[in-house]
Amino acid sequence: MKVSKDCVVSLEYRLHLGDGKVVDESEPGQPLAYMHGRGQIVPGLEGQLEGLSPGDARKVVVVPAQGYGEHDPRGLQEVPRSMFPPEAPLHPGLSISAQTAEGDVIPITVREVKGDSVVVDLNHPLAGKTLHFDVTVREVRAATTEELEHGHAHGPGGAH
Ligand SMILES: [Zn+2]
(Lines give C-alpha, C1' and ligand atoms only; values in the text may rest on other atoms or scores of the structure.)
Protein backbone atom coordinates (compact mmCIF):
# COMPACT_ATOMS: atom_id res chain seq x y z
CA MET A 1 0.00 0.00 0.00
CA LYS A 2 1.13 3.54 -0.67
CA VAL A 3 1.44 6.38 1.82
CA SER A 4 -1.88 8.23 1.97
CA LYS A 5 -4.06 10.03 4.50
CA ASP A 6 -4.65 8.23 7.80
CA CYS A 7 -2.43 5.23 7.07
CA VAL A 8 0.31 4.32 9.55
CA VAL A 9 3.81 4.78 8.18
CA SER A 10 7.00 3.35 9.67
CA LEU A 11 9.91 5.51 8.67
CA GLU A 12 13.65 5.34 9.14
CA TYR A 13 15.09 8.81 9.02
CA ARG A 14 18.27 10.73 9.46
CA LEU A 15 18.36 14.52 9.75
CA HIS A 16 21.23 16.90 9.09
CA LEU A 17 21.35 20.63 8.51
CA GLY A 18 23.32 20.73 5.28
CA ASP A 19 26.78 19.89 6.59
CA GLY A 20 26.17 16.13 6.87
CA LYS A 21 26.43 16.17 10.66
CA VAL A 22 23.52 14.08 11.94
CA VAL A 23 21.40 15.95 14.50
CA ASP A 24 18.58 13.41 14.80
CA GLU A 25 17.85 9.90 13.54
CA SER A 26 15.66 6.91 14.22
CA GLU A 27 17.31 4.12 16.22
CA PRO A 28 18.59 1.22 14.07
CA GLY A 29 15.77 -1.27 13.55
CA GLN A 30 13.29 1.00 15.34
CA PRO A 31 11.60 3.19 12.75
CA LEU A 32 9.34 6.05 13.73
CA ALA A 33 5.64 5.22 13.32
CA TYR A 34 3.22 8.05 12.64
CA MET A 35 -0.25 8.56 11.19
CA HIS A 36 0.02 10.24 7.80
CA GLY A 37 -1.79 13.48 7.02
CA ARG A 38 -2.26 14.58 10.64
CA GLY A 39 0.59 17.04 10.95
CA GLN A 40 2.57 14.77 13.25
CA ILE A 41 5.79 15.33 11.33
CA VAL A 42 6.98 18.56 9.71
CA PRO A 43 4.77 19.51 6.74
CA GLY A 44 7.60 19.72 4.20
CA LEU A 45 8.57 16.12 4.89
CA GLU A 46 5.04 14.76 5.17
CA GLY A 47 4.10 16.16 1.75
CA GLN A 48 7.05 14.47 0.06
CA LEU A 49 6.17 11.05 1.51
CA GLU A 50 2.70 11.00 -0.03
CA GLY A 51 2.40 8.13 -2.52
CA LEU A 52 5.62 6.32 -1.53
CA SER A 53 5.72 2.56 -0.99
CA PRO A 54 7.63 0.37 1.49
CA GLY A 55 11.30 0.26 0.53
CA ASP A 56 11.27 3.69 -1.14
CA ALA A 57 14.11 5.94 -0.04
CA ARG A 58 14.25 9.69 -0.58
CA LYS A 59 16.39 12.69 0.21
CA VAL A 60 14.06 15.51 1.22
CA VAL A 61 15.17 19.12 1.74
CA VAL A 62 12.73 21.19 3.80
CA VAL A 63 12.89 24.98 4.00
CA PRO A 64 12.26 26.54 7.45
CA ALA A 65 8.70 27.67 6.63
CA GLN A 66 7.82 24.02 5.88
CA GLY A 67 9.86 22.73 8.83
CA TYR A 68 10.05 24.22 12.32
CA GLY A 69 9.25 27.76 11.20
CA GLU A 70 11.34 30.86 10.69
CA HIS A 71 13.43 32.09 13.57
CA ASP A 72 11.38 34.72 15.43
CA PRO A 73 13.53 37.49 16.94
CA ARG A 74 10.82 38.04 19.57
CA GLY A 75 11.82 34.64 20.96
CA LEU A 76 15.08 36.15 22.19
CA GLN A 77 14.65 37.27 25.79
CA GLU A 78 17.01 38.60 28.40
CA VAL A 79 16.36 37.12 31.84
CA PRO A 80 18.17 37.50 35.18
CA ARG A 81 21.04 35.09 35.84
CA SER A 82 19.37 34.40 39.19
CA MET A 83 16.61 32.47 37.39
CA PHE A 84 19.12 29.64 36.94
CA PRO A 85 20.78 27.53 39.60
CA PRO A 86 24.08 29.18 40.58
CA GLU A 87 26.04 26.07 39.61
CA ALA A 88 24.43 25.79 36.14
CA PRO A 89 27.22 25.84 33.53
CA LEU A 90 25.62 28.45 31.29
CA HIS A 91 27.28 28.98 27.92
CA PRO A 92 26.08 29.94 24.43
CA GLY A 93 24.47 27.00 22.66
CA LEU A 94 23.44 25.21 25.85
CA SER A 95 19.98 23.64 25.53
CA ILE A 96 17.87 23.42 28.65
CA SER A 97 14.27 22.60 29.46
CA ALA A 98 12.08 25.18 31.09
CA GLN A 99 8.63 24.83 32.55
CA THR A 100 6.01 27.41 31.64
CA ALA A 101 3.37 28.73 34.05
CA GLU A 102 0.96 26.26 32.38
CA GLY A 103 3.26 23.36 33.18
CA ASP A 104 4.42 22.72 29.63
CA VAL A 105 8.06 21.82 29.22
CA ILE A 106 9.71 23.74 26.40
CA PRO A 107 13.28 23.59 25.11
CA ILE A 108 15.19 26.85 25.34
CA THR A 109 18.68 27.67 24.16
CA VAL A 110 21.19 29.94 25.89
CA ARG A 111 22.45 32.50 23.34
CA GLU A 112 24.57 34.85 25.45
CA VAL A 113 25.69 35.20 29.06
CA LYS A 114 26.29 38.80 30.13
CA GLY A 115 27.13 39.15 33.78
CA ASP A 116 23.86 39.36 35.67
CA SER A 117 21.65 38.45 32.76
CA VAL A 118 21.29 35.70 30.22
CA VAL A 119 19.87 35.91 26.70
CA VAL A 120 17.73 32.86 26.01
CA ASP A 121 16.03 31.80 22.80
CA LEU A 122 12.50 30.41 23.04
CA ASN A 123 12.37 29.38 19.39
CA HIS A 124 12.43 25.70 18.54
CA PRO A 125 16.10 24.70 18.29
CA LEU A 126 15.56 23.89 14.60
CA ALA A 127 13.65 27.11 13.78
CA GLY A 128 15.20 28.93 10.84
CA LYS A 129 17.08 25.82 9.74
CA THR A 130 16.84 24.08 6.38
CA LEU A 131 16.30 20.40 7.16
CA HIS A 132 17.94 17.65 5.12
CA PHE A 133 16.24 14.29 5.63
CA ASP A 134 17.34 10.89 4.39
CA VAL A 135 14.27 8.72 4.76
CA THR A 136 13.32 5.15 3.98
CA VAL A 137 9.72 3.97 4.18
CA ARG A 138 9.71 0.62 5.98
CA GLU A 139 6.03 -0.18 6.32
CA VAL A 140 2.69 1.30 5.29
CA ARG A 141 -0.51 -0.13 6.74
CA ALA A 142 -4.10 0.84 7.33
CA ALA A 143 -4.76 2.35 10.75
CA THR A 144 -6.86 0.35 13.20
CA THR A 145 -10.19 1.73 14.39
CA GLU A 146 -8.63 2.51 17.75
CA GLU A 147 -5.72 4.37 16.15
CA LEU A 148 -8.14 6.44 14.09
CA GLU A 149 -10.10 7.30 17.23
CA HIS A 150 -6.93 8.35 19.04
CA GLY A 151 -5.48 10.09 15.99
CA HIS A 152 -2.04 8.50 16.29
CA ALA A 153 -0.11 5.31 15.60
CA HIS A 154 0.11 2.56 18.19
CA GLY A 155 2.67 -0.20 18.53
CA PRO A 156 6.45 -0.10 18.07
CA GLY A 157 7.63 3.42 17.29
CA GLY A 158 4.19 4.90 17.98
CA ALA A 159 2.30 6.09 21.07
CA HIS A 160 1.61 4.11 24.30
ZN1 LIG B 1 -3.66 5.94 21.45
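This one's a predicted model, so the numbers in the text were calculated from it and none came from an experiment. (Residues numbered from 1 in each chain as written. Predicted model: local features only at pLDDT ≥ 70, side-chain atom pairs only at ≥ 80, totals over all residues. Heavy atoms only, no water.)

A. Broad picture of the nonpolar core. Val-3, Tyr-34, Leu-45, Leu-49, Leu-131, Phe-133 and Val-135 are the most contacted members of the largest nonpolar core, which has 20 residues in total. Of all the secondary structure elements, the ones that give two or more residues to this core are β1 (7–16), α1 (43–49), β4 (57–62) and β9 (131–142). One finds Val-79, Leu-90, Ile-108 and Val-118 within the second-largest nonpolar core, a separate group that totals 9 residues. (Core = buried A, V, L, I, M, F, W, Y, C linked by side-chain atoms within 4.5 Å. Buried < 20%, exposed > 50% of the residue type's maximum accessible area, 1.4 Å probe, protein only. Helix = DSSP H or I, 4+ residues; strand = E, 2+ residues; numbered from the N terminus.)

B. Broad picture of the sheet that holds strand β5 (residues 76–80). Spatially, β5-β8-β7-β6 is the arrangement adopted by the 4 strands of the open sheet, whose pairing is antiparallel. Lying at the two open borders of the sheet, with one neighbouring strand each, are β5 and β6 (95–99). If you compare each strand with its neighbour and ignore which way they point, the axes differ by 45 degrees on average. (Pairing = 2+ DSSP bridges. Axes fitted to C-alpha atoms, helices over the stretch in contact; angles between N-to-C directions.)

C. Structural context of the domain arrangement of the protein chain. When its domains are assigned, the protein chain resolves into domain 1 (7–68 + 127–158) and domain 2 (73–121). If you average the C-alpha positions of domain 1 and of domain 2, the two centres end up 30 Å apart. (Domains from an automatic or database assignment.)

D. Representation of the pairing of strand β7 (residues 105–114) in the model. Relative to β7, β6 runs antiparallel, the two being bridged by 5 bridges. Residue pairing across strands places Ser-97 opposite Pro-107, the latter belonging to β7. The antiparallel hairpin formed by β6 and β7 contains 5 residues in its connecting segment, where Gly-103 sits at a positive phi of about 90 degrees. In this structure, β7 lies alongside strand β8 (residues 117–121), joined through 5 bridges in antiparallel fashion. Considered in β8, the bridge of Val-113 is made with Val-118.

E. Highlighting the environment of Ile-108. Mapped onto the secondary structure, Ile-108 falls in strand β7. Not counting the four nearest positions on each side in its chain, Ile-108 is found in contact with Leu-94, Ser-95, Ile-96, Ala-98, Val-120, Asp-121 and Leu-122. (Contact = heavy atoms within 4.5 Å.)

F. Molecular detail of the side chain of Glu-147. Within the element layout of this structure, Glu-147 appears in helix α2 (residues 145–150). Here Glu-147 falls in the buried class, since its relative accessible area comes to 1%. Separated by 2.9 Å, the side chains of Glu-147 and Arg-141 make a polar contact. If near-sequence neighbours (up to four positions away) are discounted, Glu-147 is found in contact with Val-8, Met-35, Arg-141, Ala-142, His-152, Ala-153 and His-154. (Polar contact = N/O pair within 3.5 Å; in protein donor to acceptor, adjacent residues only side chain to side chain.)

G. Spatial organisation of unusual backbone geometry. The backbone of Asp-6 sits at a positive phi, close to 70 degrees, despite the residue not being glycine. Examined against the element boundaries, Asp-6 turns out to sit in the segment before β1. The phi dihedral of His-160 is positive, around 70 degrees, even though this residue is not glycine. Looking at His-160, the relative accessible area reads 76%, which means it is exposed.

H. Structural context of the UniProt feature "domain: PPIase FKBP-type" (unreviewed entry) in the protein chain. Those residues carrying the UniProt feature "domain: PPIase FKBP-type" (unreviewed entry) are residues 6–90 in this numbering. Overall, residues 6–90 shows 8% helix and 34% strand. The separation of its end C-alpha atoms is 43 Å. (UniProt positions renumbered as here; feature names shortened; annotations may be inferred.)

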